[in-house]
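Residue-level structure breakdown
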Amino acid sequence: MTTKGPEIDLLRVSDITVRFGGIVALDGVAFNVPQGKIVGLIGPNGAGKTTLFNCLSRIYQPSSGTIEFDGKSIMSLPAHKIASLGIGRTFQNLALFNTATVLENIRIGSHPRTSSDLTSDIFSLPGSRRVNKEATQIADHLISYLDLNKVAYKNVSDLPFGTKKRVELARALALSPRLLLLDEPACGLNHEEVKELGETICRARKDFDLTILLVEHHMGLVMGISDRIVAFNFGRRIAAGTPREIQSDPQVISAYLGERK
């Protein structure tokens, strides 16, 4: 009989507070994300979920508290260093280059994991050509993985919304992240697309050895794929546990899931 070793927390959020003037967007928020798990963040609009993501991405500087990734603080790192650390992200509002092709968008995502410099790129030096070849190979693999072959050379602006969502996921995966932040990936998708998204997230977690932090309003998705869930309300953590525990938590039912009749 084999026994599982202790869980290792890849991400630790400790007592994070964010103030915008007199408004407290996050108030002493704390939780951990174990390596290899999918952790869902839920809460009403304005509960502070995206604010937290912006702290993790170093877009916002918390007023107090600490954030550790793989045992090391990221509080002093600039935003452009986060991707190279191994933290990838998708956005609630798509952040794609609409006039670029699918292939070009995904190639851009691999930039932090490759190495080149401006001089090499301008003069197409061997190092730059090698990096460009590597970026194309990464993009080609992800295009095939996410079934984007038929649209690889189309501009993103010409694609339906659901396909754009897959392009953004591919671009985030091109970074080869250890931690993937998904900000409302089901927003704007129909029922069948949400089902496919859940299957894709679970498959990618296994295939790419990912740890995933998921902000989502679609309860069927977040309850169906999350190992753990953290519930927010008014900038505070009000509950944390398994999907079953969260579904029966009185504070969560009152604040977000709705009173049972």
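None of the values given here were measured: they were computed from a predicted structure.

Conventions we followed
Here the residue index of a chain counts from 1 through its sequence in written order. Only residues with pLDDT of 70 or above have their local features reported here, since the model is predicted, and side-chain atom pairs are shown and tallied only from 80 upward, although totals for entire chains, interfaces and linings are computed over all residues. Side-chain metrics rest on all non-hydrogen atoms present in the structure, leaving aside hydrogens and water. Two rings belonging to Phe, Tyr or Trp (six-membered ring only in the last case) form a pair when the distance between their centres is within 6.5 Å. Interplanar angles under 30 degrees mark stacking, angles over 60 mark edge-to-face geometry, and anything in between is tilted. Helical segments are the DSSP runs of H or I of at least four residues, strand segments are the runs of E of at least two, and each set is numbered from the N terminus. Remark: exposure states derive from per-residue accessible area (1.4 Å probe, protein chains only) relative to the maximum for the residue type, with buried under 20%, exposed over 50%, and partly exposed in between. Whether two strands pair comes down to DSSP finding at least two bridges between them. The angle between two axes is taken between their N-to-C directions and runs from 0 to 180 degrees, where each axis is a line fitted to C-alpha atoms and a helix contributes only its stretch in contact. The criterion used for residue contact is that any of the two residues' heavy atoms lie within 4.5 Å. The directions considered for the arc run from the helix axis to the C-beta atoms. Any Lys or Arg side-chain nitrogen located within 4 Å of an Asp or Glu carboxyl oxygen qualifies as a salt bridge.

Let us look at the packing of aromatic side chains. Summed over the entire model, instances satisfying the criterion amount to 3 aromatic pairs. With a centroid separation of 5.3 Å and an interplanar angle of 75°, the aromatic rings of F20 and Y60 are classed as edge-to-face. One end of the pair, F20, is in strand 1 (residues 9-20); the other, Y60, is in the loop between helix 1 (49-56) and strand 4 (64-69), with 40 residues separating them in the sequence. We classify F20 as partly exposed; its relative accessible area is 40%. Judged by relative accessible area, which is 28%, Y60 ranks as partly exposed. Consider the rings of Y145 and F208, whose centres lie 4.9 Å apart with planes at 80°: the pair is edge-to-face. With Y145 in helix 5 (residues 126-145) and F208 in the loop between helix 7 (191-207) and strand 8 (211-215), this residue pair connects regions lying 63 residues apart in the sequence. For F208, a relative accessible area of 25% puts it in the partly exposed group.

A separate point is the sheet that holds strand 8. Overall, mixed pairing links the 6 strands, which are arranged 6-7-8-3-9-10 in an open sheet. Sheet topology places strand 6 (87-89) and strand 10 (236-241) at the edges, where each strand pairs with a single neighbour. When strand polarity is set aside, the average angle formed by the axes of neighbouring strands in this sheet is 20°. Relative to strand 8, strand 7 (residues 179-183) runs parallel, the two being bridged by 5 bridges. From the neighbouring strand, L179 faces strand 8, where its bridge partner is T211. The strands touched by helix 7 are strand 3 (38-42), strand 7 and strand 8; relative to strand 3, the strand with the most contacts, the crossing angle is about 140°.

For the rest of this paragraph, the subject is helix 3 (residues 102-109). Where helix 3 is concerned, the buried positions are V102, L103, N105, I106 and G109. Taken around the axis of helix 3, the buried residues stretch over an arc of 165°, which confines them to a single face.

Among the 6 residues of strand 9 (residues 228-233), 5 are classified as buried, and the element is accordingly described as predominantly covered. Relative to strand 10, strand 9 runs antiparallel, the two being bridged by 5 bridges. Among the inter-strand pairings, F232 is bridged to a residue of strand 10, identified as R237. Two successive antiparallel strands, strand 9 and strand 10, enclose a turn made up of 2 residues, where F234 displays a positive phi of approximately 50°.

The next thing to look at is the pattern of salt bridges. On inspection of all chains with the given rule, the structure shows 6 salt bridges. For E7, the salt bridge goes to R228, with nearest N and O atoms at 2.5 Å. Taken together, the residues E7 in the segment before strand 1 and R228 in strand 9 connect sequence positions 221 residues apart. Under the relative-accessibility criterion, E7 is labelled partly exposed at 43%. Using a relative accessible area of 33% as the deciding quantity, one classes R228 as partly exposed. The residue D9 makes a salt bridge to R12 at a minimum N-O spacing of 3.7 Å.

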